[in-house]
Amino acid sequence: MTMNSTDACGARTEGVDAAEALFHSLSDATRLAIVRRLAEGEARVADLVAQLGLAQSTVSKHVACLRDCGLVDGRPEGRQVFYSLARPELLDLLAAAETVLAATGAAVALCPNYGPDSDGGAR
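All figures in this text were calculated on a predicted structure; none of them were measured in a lab. (Residues numbered from 1 in each chain as written. Predicted model: local features only at pLDDT ≥ 70, side-chain atom pairs only at ≥ 80, totals over all residues. Heavy atoms only, no water.)

1. A few points about the overall build of the protein
Okay, so step 1: On a plain count of helices and strands, the protein comes out with 5 helices and 2 strands.
Okay, so step 2: The helix and strand sequence of the protein, counted from the amino end, reads α-α-α-α-β-β-α.
Okay, so step 3: Residues counted as buried form 23% of the 123 residues belonging to the protein.
Okay, so step 4: Across the protein, the fraction of contacts at a sequence separation of at least 24, relative to all contacts at a separation of at least 6, is 41%.
Okay, so step 5: Summed over its atoms, the accessible surface of the protein is roughly 7900 Å², and 56% of this surface lies on carbon and sulfur atoms. (Helix = DSSP H or I, 4+ residues; strand = E, 2+ residues; numbered from the N terminus. Buried < 20%, exposed > 50% of the residue type's maximum accessible area, 1.4 Å probe, protein only. Contact = heavy atoms within 4.5 Å. Areas by Shrake-Rupley, 256 points an atom, 1.4 Å probe, with all protein chains shown as cover.)

Next up, the structure:
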């Protein structure tokens, strides 16, 4: 029996399309909040913890996921690491998503498969 391995984000890594992996990395609310915050400029995990109101372990796990996906870079300075977006194109992707959401109105939020009241498409 062959088992699929998983990455730091919990996504399958075998047979996963690159676009699927990209969108999976942004599909978690915490990771998306981190990306949005880093769009404003670099931050340490301690800064993200304070601003997002989440546990340090949670933020660290999600930052690691984003780093593993190549979306976030870390810049060590002494004993601290300052994180920033690795790809400026990510800002364009977020802006495009906002445009699509504005154009579709509540359709995405009301989606029976992926809206807030769904089971996330689990079968």
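2. Looking at the pattern of salt bridges
Okay, so step 1: Under the defined criterion, the tally for this structure stands at 5 salt bridges.
Okay, so step 2: As a salt-bridge pair, glutamate 98 and arginine 36 come within 3.2 Å of each other at their nearest N and O atoms. Here the residue glutamate 98 occupies a position in helix H5 (residues 89-104), and arginine 36 occupies one in helix H2 (residues 29-38), the gap between them amounting to 62 residues.
Okay, so step 3: We note a salt bridge from glutamate 89 to arginine 87, for which the minimum N-O separation is 2.8 Å.
Okay, so step 4: Salt bridges sharing common partners tie together Glu42, Arg75 and Glu77. (Salt bridge = Lys/Arg side-chain N within 4 Å of Asp/Glu carboxyl O.)

3. Re the pairing of strand S1 (residues 72-77)
Two faces make up the sheet, and in a regular strand the side chains alternate between them.
Okay, so step 1: As paired strands, S1 and strand S2 (residues 80-85) are joined by 6 bridges and run antiparallel to one another. Residue pairing for S2: aspartate 73 is matched across the bridge by serine 84.
Okay, so step 2: Here S1 folds back onto S2 in antiparallel fashion, the turn holding 2 residues, of which glycine 78 has a positive phi close to 65°. (Pairing = 2+ DSSP bridges.)

4. Topic: the packing of helix H3 (residues 45-52) against helix H4 (residues 56-68)
Okay, so step 1: Here H3 crosses H4 at 120°, and the two axes come no closer than 9 Å. Here H4 runs oblique to H3, going by the angle between their axes. Two packed elements cross with a definite hand, and for H3 against H4 that hand is right-handed. Every residue of H4 that contacts H3 at Val45, Leu48 and Val49 is listed here: Gln56, Val59, Ser60 and Val63.
Okay, so step 2: Grouping the constituent residues of the contact of H3 with H4 by class yields 5 nonpolar, 2 polar and no charged. (Axes fitted to C-alpha atoms, helices over the stretch in contact; angles between N-to-C directions. Parallel < 35°, antiparallel > 145°, perpendicular 65-115°, else oblique. Left-handed = near helix turned anticlockwise from the far one by under 90°. Nonpolar A, V, L, I, M, F, W, Y, C, P; charged D, E, K, R; others polar.)

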